[in-house]
Amino acid sequence: LTACVSSQVGCAVNCSFCATGKRGFIRNLTYKEIIEQVLTIQRDTGLKVTNVVFMGQGEPLLNLDNVLKAMEIFNEDFQIGARRLTVSTSGIIPQINKLAELDMQSTLAISLHAPNHEIRKQLMQIENKYNMNDLKKALKNYVDKTGRRITIEYLLIKDLNDTVEAAKQLAMYLHDIKCNINLIPVSYTHLTLP
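Residues numbered from 1 in each chain as written. Predicted model: local features only at pLDDT ≥ 70, side-chain atom pairs only at ≥ 80, totals over all residues. Heavy atoms only, no water.

Asks: Even after reading the chapter, I still don't get the pattern of salt bridges, so can you show me in this structure?
Replies: Oppositely charged side chains can pair when the atoms bearing their charge come close. Taken as a whole, this structure holds seven salt bridges when the rule is applied. A salt bridge links Arg27 to Glu33; its shortest N-O distance comes to 2.8 Å. Salt-bridge contacts for Glu127 lead to Arg120; the nearest nitrogen and oxygen are separated by 2.9 Å. This pair shows no difference in class: Glu127 is buried, exactly as Arg120 is. (Salt bridge = Lys/Arg side-chain N within 4 Å of Asp/Glu carboxyl O. Buried < 20%, exposed > 50% of the residue type's maximum accessible area, 1.4 Å probe, protein only.)

Asks: Before we go on, may I ask you to explain the environment of Ser106 in this structure?
Replies: Note on placement: Ser106 falls in the loop between α4 (93–102) and β6 (107–111). Judged by its relative accessible area of 7%, Ser106 falls in the buried class. Considered as a pair, Ser106 and Leu85 are 21 residues apart in the sequence and their alpha carbons are 5.2 Å apart. Beyond its immediate sequence surroundings of up to four residues, Ser106 is in contact with Met71, Ala82, Arg83, Leu85, Tyr142 and Arg148. (Helix = DSSP H or I, 4+ residues; strand = E, 2+ residues; numbered from the N terminus. Contact = heavy atoms within 4.5 Å.)

Asks: What exactly am I supposed to notice about empty space enclosed by the protein here?
Replies: Over the atoms a probe the size of a water molecule is rolled, and this reveals where empty space is left. Scanning the model with the defined rule gives one cavity of 30 Å³ or more in all. Lining the largest cavity are Met71, Val87, Leu99, Met104, Ser106, Thr107, Leu108 and Tyr142. Class assignment of the residues belonging to the lining of the largest cavity gives a composition of six nonpolar, two polar and no charged. (1 Å grid on protein atoms, 1.4 Å probe; cavity = no way out; pocket = protein on both sides within 12 Å on 5 of 7 lines; lining within 4 Å. Points joined across faces, edges and corners; volume = space filled by probe spheres on them. Nonpolar A, V, L, I, M, F, W, Y, C, P; charged D, E, K, R; others polar.)

Asks: Teacher, can you tell me more about the pairing of strand β8 (residues 179–185) here?
Replies: Across a regular strand the side chains alternate sides, sitting on one face of the sheet and then on the other. The pairing of strand β7 (residues 150–156) with β8 spans seven bridges and is classified as parallel. Residue pairing in the sheet places Tyr154 in a bridge with Leu183 of β8. With helix α7 (residues 164–174) bridging β7 and the parallel β8, this β-α-β connection has right-handed handedness. (Pairing = 2+ DSSP bridges. Right-handed = clockwise from strand over helix to strand, strands pointing away.)

Asks: Even after reading the chapter, I still don't get the packing of helix α2 (residues 31–45) against helix α3 (residues 64–76), so can you show me in this structure?
Replies: When two helices pack together, their arrangement is given by the angle between the helix axes and by the axis-to-axis distance. It is the contact of α2 with α3, at a shortest axis distance of 8 Å, that shows an interaxial angle of 45°. Relative to α3, the element α2 is oriented oblique. Between α2 and α3 lies a crossing of right-handed hand. Where α2 abuts α3, its residues Tyr31, Ile34, Ile35 and Val38 lie against Asn66, Val67, Lys69, Ala70, Ile73 and Phe74. Considering only residue class, the contact of α2 with α3 consists of eight nonpolar, one polar and one charged. (Axes fitted to C-alpha atoms, helices over the stretch in contact; angles between N-to-C directions. Parallel < 35°, antiparallel > 145°, perpendicular 65-115°, else oblique. Left-handed = near helix turned anticlockwise from the far one by under 90°.)

And the structure:
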């Protein structure tokens, strides 16, 4: 059983495809509030949570201290293996570098969603602050330091980033990074791009 947990109420990153970002950032969750989400799922389902992914509301790396504390408790007190804990980020480079230094066994997932700077800028405002060239350096550093494979999250958006040319550009961008790619078809009727 995988629990998808939030790390914040709202989100400051404001990706164009994400409803949470439209609310804006309200506040960080405490590590206790993060843990309570898993306890509630276990109570409501009667099942033991075996995997936790930080892919709910918020940007986990903008609340890193509480996320790390929650991960420590999930690992030690819930007996959830570190490799079954995944943190997903839009690409907060200083915090990715911090995670590389911590050398944890957890999984890092990157919401990339674009094969190049121009398309990513349309989808994700974070590209203006932490661009794909700098992000790639941080990802290579992370893999070099930890030996861990990164998961690349990639929304498939019709006629924008799902073309053969986009696939070739993505392959070139990732060719020297140890990673898995998670392709996610998106509902076009609910997607509003700038």
